[in-house]
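Chain by chain, the residues run as shown.
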Amino acid sequence: NVWKVIPRVNMPSGRRCVKSKWVFNIKRSGVHRARLVACGYSQIPGVDYSDNYSPVVNDVTFRMLLLVWICFELMAKIVDVETAFLYGRLEEEIYMECPPGMKEGTRENVLFLNKCIYGLVQAARQYHKHFVEILKKIGFTGGDVDPCLFSKKDKNGVCYVGLYVDDNLIIGHPKAVEDTILKLKENNLILKVEDNLRDYLSCEIMLSKDRKRAWLGQPHLIANLEKKFSEELQSLTKYLTPGTPGLNQVRITNEELMLPVPSQQRYRSGVGMLLYLVKHSRPDIANPVRELSKVLDGPSLGAYKEMLRCMKFVLDSRDQGLKIWPTGHQNDPWDMICFTDSDYATDPVTRKSVSGYIIYIRGVPICWRSKQQKCVTLSSCEAEWIALSEAVKDIAFLIRVCESMNLNIRIPVIIRVDNVGAIFLSENITTSNNTKHVDIRSKFVTEFRENGIIKIIFVRSENNDSDIMTKNLGAVLFDKHSSNLVAKRSQSVS
C-alpha cells in the first residue's frame, strides 16, 4: 500500500510528477539488491516537501553507549529495520512516474504515494518521526538531549536505544532488550537482529575475553582507502608520525599552482575518508587531517603528498583503534577529566589559532576536537581561553547525556590547562587591555566554575594529552599522547 495507481488526468492542474528509477547494488555481505527509488532532485521545495532534516545519534553518545555496555556488562544488539523508509507517513501530496517494467506503467497513469519511498527528500525525517512515536508508545523516554538517544527502566531492567537512521543500537539487560525487540515487532516493524557489534556504522567493535575492555576500529574503511590509493602509497617509506612536525598548510590562490581537477577530486575524497576515521576510531590523526581540510578548495602538490603521508601512517598502523579501557568501579561516581590546549596564531595567512581538547570518562576518550578558531586572538592566553570555553560546552553536553542515562558523574569535572593566564582568567574578573574584550566566553566559563561544575587546574605541556590535537608533534611526544587514545587490537582483546 505504498502507492495507488491513478490516471494522469486526475492529477491537480499545475502539478508535476517526481521521477523514479531502479537502483541495483551488491552489499558487502554479497547480497544482490534491487530497489525502486524516487528521484528526490526533481522534487520542488515548498510543494513536494518542506522540512527534510533527520538526526542521527551523536558520535559522542555512541561512545557513551559502548562505555555503558562494557562497564555494566549489558547485552548489545544491532536491530536493522527492513525497508525502513516505507514506514514513514507522507504529509504532502506527491505523485511519481511509473517505473519501467510495471504492468500498469503506461504514460496515461501515475503513482499517488501513500507512504514515503526511498529517494524522497523527506523520507528519512518521516521514518525517524514514526520510529520515535513507537518508542514513546512502548515506554521509552528521551530525545531531548540527543534526539536519537532513548532509555527505559522497568522490572526487566534498563534499556538504551541509539538511532542511526534504520540501524538501531539497543543496549541493556537481556530481558529488557528482548522485550524491546518483541514490542517493536508487535508494532508491525520487520526487523533483522544481529547479536554482535562486529559491524556497526562501518566500525568493528571487539570485546576482550573478560568483557572488561574493548577495541573500536574501521578496517573496512582502511581497506577501501588502500585499494583507492595503493599505487601512490607503495613507494612511500614508513613514517613515525601522521603529519610532518611543525608543518601548517596554506591555501593556494594561484590557480597555476593548484593540482589538476582530477587530482583535486582525489584529494577531497581521500581527506573525507580520513575525516571519518578521525570521527570514530583514530583521534591520534585529528590535527594532520584538520590541516589537510583547510585547503580542500585549492590543494597544492605539497598538500597532496602530506595526505599520502597520513594515509601511509594509517595503513602501517591499521591494527590501531580507539582504546576503550574503563578504569574505576561501576558503583563509584564516574570521573570526567578534560585536557585543553591551543596553538597560537599558527595559520600563516589568517593568523588564527587552533583549539584542541580531549574529554575522558572513566579513562576512556569520549570526545575530542581539533579545530581552527573562528576569530583572531590577541594573545596565547586568549587562544587558550577560547579552547577552554569550547571544551566546557561539550562538558555541559556530556553531563546532560549522562543524566539522561541515569549515570552518576563526579562533580566538579577536572579540566587540565597548560596556561596559567587562562586559569587566572577563570578565577578573577579583570579589565586589563589584554582581556577587557573577552566578555561572553569569560562569563560562560566563570559561571560553570562558580557553580562548582568544573575545576580548572594546571598541567605541564609535556603531560597535556590535548597537545596532539593542536600541532604535528615529533615521534616521542606523539607516541606518549597517542598511547592514551588508541591501542592495538591484540592488546585490547587478549
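To start, this report covers the structure provided alongside it.

About the thresholds
- Residues numbered from 1 in each chain as written.
- Predicted model: local features only at pLDDT ≥ 70, side-chain atom pairs only at ≥ 80, totals over all residues.
- Heavy atoms only, no water.
- Helix = DSSP H or I, 4+ residues; strand = E, 2+ residues; numbered from the N terminus.
- Rg over C-alpha atoms; globule rule 2.2 N^0.38 Å.
- Buried < 20%, exposed > 50% of the residue type's maximum accessible area, 1.4 Å probe, protein only.
- Contact = heavy atoms within 4.5 Å.
- Areas by Shrake-Rupley, 256 points an atom, 1.4 Å probe, with all protein chains shown as cover.
- Lys, Arg positive; Asp, Glu negative; His and termini not counted.
- Charge placed at Lys NZ, Arg CZ, Asp CG, Glu CD.
- Axes fitted to C-alpha atoms, helices over the stretch in contact; angles between N-to-C directions.
- Parallel < 35°, antiparallel > 145°, perpendicular 65-115°, else oblique.
- Left-handed = near helix turned anticlockwise from the far one by under 90°.
- Nonpolar A, V, L, I, M, F, W, Y, C, P; charged D, E, K, R; others polar.
- Pairing = 2+ DSSP bridges.
- Arc of directions from axis to C-beta.

1. Considerations on the overall build of the protein chain
Each helix and strand counted, the protein chain has 12 helices and 20 strands in total. Relative to its length of 494 residues, the protein chain is compact, with a C-alpha radius of gyration of 25 Å against a globular reference of 23 Å. Along the longest, intermediate and shortest principal axes, the C-alpha atoms of the protein chain span 75 × 65 × 50 Å. Here the protein chain holds 494 residues, and the buried ones make up 51% of them. Within the protein chain, contacts between residues at least 6 apart in sequence are counted, and of these 74% link residues at least 24 apart. Per element, the accessible surface of the protein chain, about 23100 Å² overall, is 52% carbon and sulfur. Taken as two groups, the 67 positive and 56 negative side-chain charges of the protein chain have centres that lie 3 Å from each other.

2. Comments concerning the packing of helix α6 (residues 286-293) against helix α7 (residues 301-316)
In the contact formed by α6 and α7, the axes pass within 10 Å of each other and the chain directions differ by 155°. When the interaxial angle is binned, α6 and α7 end up roughly antiparallel. As for the relative orientation of α6 and α7, their crossing is left-handed in sense. Contacts from Pro288, Val289 and Leu292 in α6 reach Ala303, Glu306, Met307 and Cys310 in α7. Residue classes in the contact of α6 with α7 are distributed as six nonpolar, no polar and one charged.

3. Looking at the packing of helix α4 (residues 219-233) against α7
One can describe the packing of α4 onto α7 by two numbers: an axis separation of 10 Å at closest approach and a directional angle of 125°. Taken as axis vectors, α4 and α7 run oblique relative to one another. Crossing hand, α4 versus α7: left-handed. Contacts between α4 and α7 involve Ile222, Leu225, Glu226, Phe229, Glu232 and Leu233 from the former and Tyr304, Met307, Leu308, Met311, Lys312, Val314 and Leu315 from the latter.

4. With respect to the pairing of strand β9 (residues 157-164)
Burial analysis of β9 places seven of its eight residues in the buried class, the great majority of the element. Across six bridges, strand β8 (residues 149-154) lies against β9 in antiparallel orientation. Along β9, the bridge assignment pairs Phe150 with Val161. Counting the residues that bridge the hairpin from β8 to β9 gives two residues. Pairing analysis gives six bridges linking β9 to strand β10 (residues 167-172), with the strands arranged antiparallel. Along β10, the bridge assignment pairs Tyr164 with Asp167. With antiparallel pairing between neighbouring strands as the criterion, β9 and β10 make up a hairpin whose turn holds two residues, including Val165 at a positive phi of roughly 55°.

5. Examining helix α11 (residues 475-482)
Buried within α11 we find Phe478, His481 and Ser482. Across the axial projection of α11, the buried residues extend over an arc of 95°, all falling on one side. In this fold, the buried residues of α11 make contact with α7 and β20 (486-488).

6. Observations regarding α6
The buried count for α6 comes to seven of eight residues, which makes it a mostly enclosed element. For α6, the full list of buried residues reads Ala286, Asn287, Pro288, Val289, Arg290, Glu291 and Leu292. On the buried face of α6, the contacting elements are α5 (261-280), α7, β16 (354-361) and β17 (364-372).

7. Re the sheet that holds β10
If you trace the six strands from one edge of the open sheet to the other, you get β7-β8-β9-β10-β4-β11, paired in antiparallel fashion. Two strands bound the open sheet, and with one partner strand each, they are β7 (141-142) and β11 (191-194). The sheet strands contacting helix α2 (residues 123-137) are β4 (75-81), β7, β8, β9 and β10, and the helix crosses β9 at an angle near 175°.

8. Topic: unusual backbone geometry
In this structure, Pro412 follows Ile411 across a cis peptide bond, with omega equal to 5°. Mapping Pro412 onto the fold places it in the loop between α8 (380-404) and β18 (413-417). Phi at Arg211 is positive, roughly 60°, even though this residue is not glycine. Note that Arg211 resides in the loop between β12 (204-207) and β13 (214-217). Overall, Arg211 belongs to the partly exposed group, its relative accessible area being 26%. Despite not being glycine, Ala345 has its phi angle at roughly 50°, a positive value. Relative to the helices and strands, Ala345 is located in the loop between β15 (336-343) and β16.

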